[in-house]
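Listed here are the chains, written in short residue letters.
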Amino acid sequence: TPFDETHGVLSPDARLLAYQSDESGRPEIYLVKLDDRQRIPVSSSGGRDPMWSTDGASLVYRTQAATMRVAIDTTGHPAGAPVAIAAAPDATLVGIAGDRILARVGGDTPPAHAVLTLEWSRDLQRILGPPATALPR
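Computed from a predicted model, the values in this text were never measured in an experiment.

Novice: Can you explain the sheet that holds strand S4 (residues 39-41)? Please cite residues and give values.
Specialist: With antiparallel pairing, four strands are arranged side by side in an open sheet as S1-S2-S3-S4. One side of each edge strand has no neighbouring strand; the edge strands of this open sheet are strand S1 (5-10) and S4. The sheet shows a mean angle of 25° between the axes of neighbouring strands, direction not considered. Inspection of the sheet shows strand S3 (residues 28-33) paired to S4 by three bridges, in the antiparallel sense. Paired with Val32 across the two strands is Arg39, which belongs to S4.

Novice: Pulling in residues and values, what's your account of a nonpolar patch on the surface?
Specialist: A cluster of nonpolar side chains, Trp120, Leu124, Ile127 and Leu128, forms an exposed patch at the surface whose accessible area comes to about 490 Å². Summarising the element assignment, Leu128 is placed in helix H1 (residues 120-128).

Novice: Go over the environment of Val94, please, and point to the residues and values.
Specialist: Mapped onto the fold, Val94 is located in strand S9 (residues 91-97). On the basis of relative accessible area, Val94 is assigned to the partly exposed category, the value being 48%. For the pair Val94 and Asp49, spaced 45 residues apart in sequence, the C-alpha to C-alpha distance is 9.8 Å. Once residues within four sequence positions are removed from consideration, Val94 is found in contact with Met51, Leu102, Ala103 and Arg104.

Novice: Kindly report on the sheet that holds strand S8 (residues 83-86), identifying the contributing residues and their values.
Specialist: Taking strand neighbours across the sheet as the criterion, the four strands line up as S5-S6-S7-S8 in an open arrangement whose pairing is antiparallel. Strands at the two margins of the open sheet, each flanked by one partner only, are strand S5 (48-52) and S8. Within the sheet, the average angular offset between the axes of one strand and its neighbour, ignoring direction, is 30°. Looking at chain direction, S5 and strand S6 (residues 58-62) are connected through three bridges and run antiparallel.

Novice: Please give an account of the packing of aromatic side chains that cites residues and values.
Specialist: Here the structure, examined in full by the defined rule, presents one aromatic pair. In this structure, Arg39 packs its charged tip against the face of Tyr30, placed 4.0 Å from the ring centre.

What counts and what doesn't
Residues numbered from 1 in each chain as written. Predicted model: local features only at pLDDT ≥ 70, side-chain atom pairs only at ≥ 80, totals over all residues. Heavy atoms only, no water. Pairing = 2+ DSSP bridges. Helix = DSSP H or I, 4+ residues; strand = E, 2+ residues; numbered from the N terminus. Axes fitted to C-alpha atoms, helices over the stretch in contact; angles between N-to-C directions. Patch = residues over 30% accessible without salt bridge, like charges linked within 9 Å, V, L, I, M, F, W, Y side chains within 5 Å. Areas by Shrake-Rupley, 256 points an atom, 1.4 Å probe, with all protein chains shown as cover. Salt bridge = Lys/Arg side-chain N within 4 Å of Asp/Glu carboxyl O. Buried < 20%, exposed > 50% of the residue type's maximum accessible area, 1.4 Å probe, protein only. Contact = heavy atoms within 4.5 Å. Phe/Tyr/Trp six-rings, centres within 6.5 Å; stacked < 30°, edge-to-face > 60°. Lys NZ or Arg CZ within 6 Å of the ring centre and 35° of its normal.

Have a look at this one:
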């Protein structure tokens with residue numbers, strides 16, 4: 001289209017595409033149902049950087065004032081109005097894990113380094129050694 005459409009992200013089930021468009025004159029969040037190409041507006045007060053929850057039941061995005069979450073029903077439509085979940089307008093959404101949202105807040109300078117451990121229990125066992133066997137009574 002002639003508009004700036006960016007930050008496209010597929011839903012976990014690959015049925016919906018959430019994206020940011022400036023068609024209204026400012027960035028807003030939209031959904032497209034991939035089976036029939038139906039376009040569905042999500043935000044109406046601005047929106048940037050959409051991100052799906054891991055189960056695909058909600059969409060998180062940023063506005064100038066807050067981080068918002070909107071439930072998405074099984075038909076691919078918003079199920080109610082978006083709700084502010086954090087008043088951090090300068091937050092950069094990094095990821096979602098379950099009901100936790102990972103965001104970097106403040107400044108444009110990225111962190112010097114970060115460590116993410118996925119197999120933490122295996123790393124802990126490597127550091128501490130195997131569990132002790134039960135002592136007889």
